[in-house]
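Results of the structural survey
Here's the letter readout for the chains.
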Amino acid sequence: MTGILYIVATPIGNLDDITFRAIEILKNVDVILAEDTRHSKRLLNHYDINTPLRAFHEHNETQKSADVIDALIAGQSLALISDAGTPLISDPGYVLVRTAKQAGVVVSPIPGPSAMISAMSAAGIATDRFGFFGFLPNKKVARMKAIQAIAHIEQTVIFYESPKRILDCTKDLLSVLGDQRIVCLAKELTKSFETIKTDTLPNLLGYLNEDAAHQKGEFVILISAIDKDNKIAGEEQLDKVLPILLSEMGTSKAAKLAAKITGIDKKYCYQRAIEL
Ligand code: SAM
């Protein structure tokens, strides 16, 4: 009989956040595939789980998937875990799950924590419709482009950010979304310094700048949906001033001046100007 591939969620900080079923499955499968075996050992030791561990990460996923499928077809059952939270959510596993399903292997989820869902449950931002964008690009130009693309989405937008870029990213959010949009920074969820701040971007920047420790840790960022009747801050002003400026000067100069007047990013103003 073909084995089962279990996709097992593990804690995102607090080791107690694991289900009874997850522990049972991890104890009973033939092999656990882990992103970082040394990291996962801590969790497995804590629960006295002695199942053999194999490395399975983004750099060997494609190459390893074939071997894993062979083992499943030979009758072994395996569990995939990541360093934290739910595998495949900004973590490896997609290639493996797709290949397993194509090979007719049963893939079974063992649900548990995910930082994005945990953050959303406590942010106080609408949860009826949302889009998850993983990590935004690291480089400023690409990140600004990505923020401009999500600025108009009529649903809650969620993404992950590292402590290295949290300050720059929040500044970029302010320059595109303006000072009225409500955003949540959910930091160090389930850990000792858990902090969930839902506020305007100037206030969130104030919080980050207040103390270097406020920029440390793992972050989920949630952006409230654009209000259809309430365009993003500065945009109404942009729509008013751009046509006037364009009637007096070239596109590039008009965009530059519009950016100064509205506080909106220059590239965004330029894009808007060429659309008019
Ligand atoms: N698979 C994970 C999940 O289900 O949430 C996400 C893995 S992703 C590689 C790691 C990112 O998730 C971190 O950089 C951070 O943005 C977010 N994250 C993970 N744990 C978190 C926590 N305890 N508090 C806030 N964000 C967290």
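Overview of the structure.

1. Digging into the packing of helix α9 (residues 235-248) against helix α11 (residues 266-275)
- One way to put it is that α9 packs onto α11 with a least axis distance of 10 Å and a crossing angle of 60 degrees. Taken together, the axis directions place α9 and α11 in an arrangement best described as oblique. As α9 runs across α11, the sense of the crossing is right-handed. Within the contact between the two elements, α9 uses Glu 235, Leu 238, Asp 239, Leu 242 and Leu 246 and α11 uses Tyr 268, Cys 269, Arg 272 and Ala 273.

2. Quick look at the site of the ligand
- Looking at the ligand, there are 19 residues lining it, with Asp 91, Ser 114, Ala 115, Tyr 160 and Phe 219 nearest.
- Ile 89 places a main-chain nitrogen or oxygen 2.8 Å from a nitrogen atom of the ligand.
- Here Glu 188 contributes a backbone N or O atom positioned 3.5 Å from a nitrogen atom of the ligand.
- With the chains in place, 91% of the 580 Å² that the ligand exposes on its own is no longer accessible.
- In this structure the site holding the ligand corresponds to the largest pocket.

3. Examining the layout of surface pockets
- A volume near 440 Å³ is recorded for the largest pocket.
- Taken together, 24 residues line the largest pocket, and the ones lying closest to its centre are Ala 84, Ala 115, Phe 135, Tyr 160 and Glu 218.
- Only β7 (156-161) and β10 (219-223) provide two or more residues apiece to the lining of the largest pocket.
- Here the residues of the lining of the largest pocket sort into eleven nonpolar, six polar and seven charged.
- Of the pockets and cavities examined, the second largest pocket occupies roughly 230 Å³.
- Lining the second largest pocket are Lys 140, Val 141, Met 144, Lys 145, Gln 148, Ser 175, Gly 263, Ile 264, Asp 265, Lys 267, Tyr 270 and Gln 271.
- At the level of elements, α6 (140-150) and α11 are the ones that each hand at least two residues to the lining of the second largest pocket.
- For the lining of the second largest pocket, the element with the most residues is α6, which contributes five residues.

What counts, and at which threshold
All chains use their own residue numbering, which begins from 1 and follows the written sequence. Local features in a predicted model are, by the rule used here, given only for residues with pLDDT of at least 70; side-chain atom pairs are given and counted only at 80 or more, and totals for whole chains, interfaces and linings are based on all residues. The side-chain figures draw on all heavy atoms in the structure; neither hydrogens nor water molecules are used. To define axes, lines are fitted to C-alpha atoms, for helices over the stretch in contact only, and angles between the resulting N-to-C directions are given on a 0 to 180 degree scale. Every helix listed is a DSSP run of H or I at least four residues long, and every strand listed is a run of E at least two residues long, numbered separately from the N terminus. Convention used here: angles under 35 degrees read as roughly parallel, angles over 145 as roughly antiparallel, angles from 65 to 115 as roughly perpendicular, and any remaining angle as oblique. By the definition used in this description, the sense in which the near helix is turned from the far one sets the handedness, with an anticlockwise turn below a right angle giving left-handed and a clockwise turn giving right-handed. The contact criterion used throughout is that any non-hydrogen atoms of two residues lie within 4.5 Å. Near residues are defined by distance, with any heavy atom within 4 Å of the molecule or strand qualifying the residue. Counting of polar contacts relies on pairs of N or O atoms within 3.5 Å, with two restrictions inside protein: one atom must be capable of donating a hydrogen and the other of accepting it, and residues adjacent in sequence are counted only when both atoms are side-chain atoms. Note on areas: Shrake-Rupley, 1.4 Å probe, and residue coverage restricted to the protein chains presented here. Cavity means a closed set of points on a 1 Å grid over the protein atoms alone, one where a 1.4 Å probe fits but cannot get out, pocket means an open set with protein on both sides within 12 Å along at least 5 of 7 lines, and lining means a residue has an atom within 4 Å of a point. For this analysis, a molecule is said to be in a pocket or cavity if more than half of its atoms are within 2 Å of the grid points defining it. Grid points are joined across faces, edges and corners, and a volume is the space filled by probe spheres set on the points. Here the term charged refers only to Asp, Glu, Lys and Arg, the term nonpolar to Ala, Val, Leu, Ile, Met, Phe, Trp, Tyr, Cys and Pro, and the term polar to all other amino acids, Gly among them.

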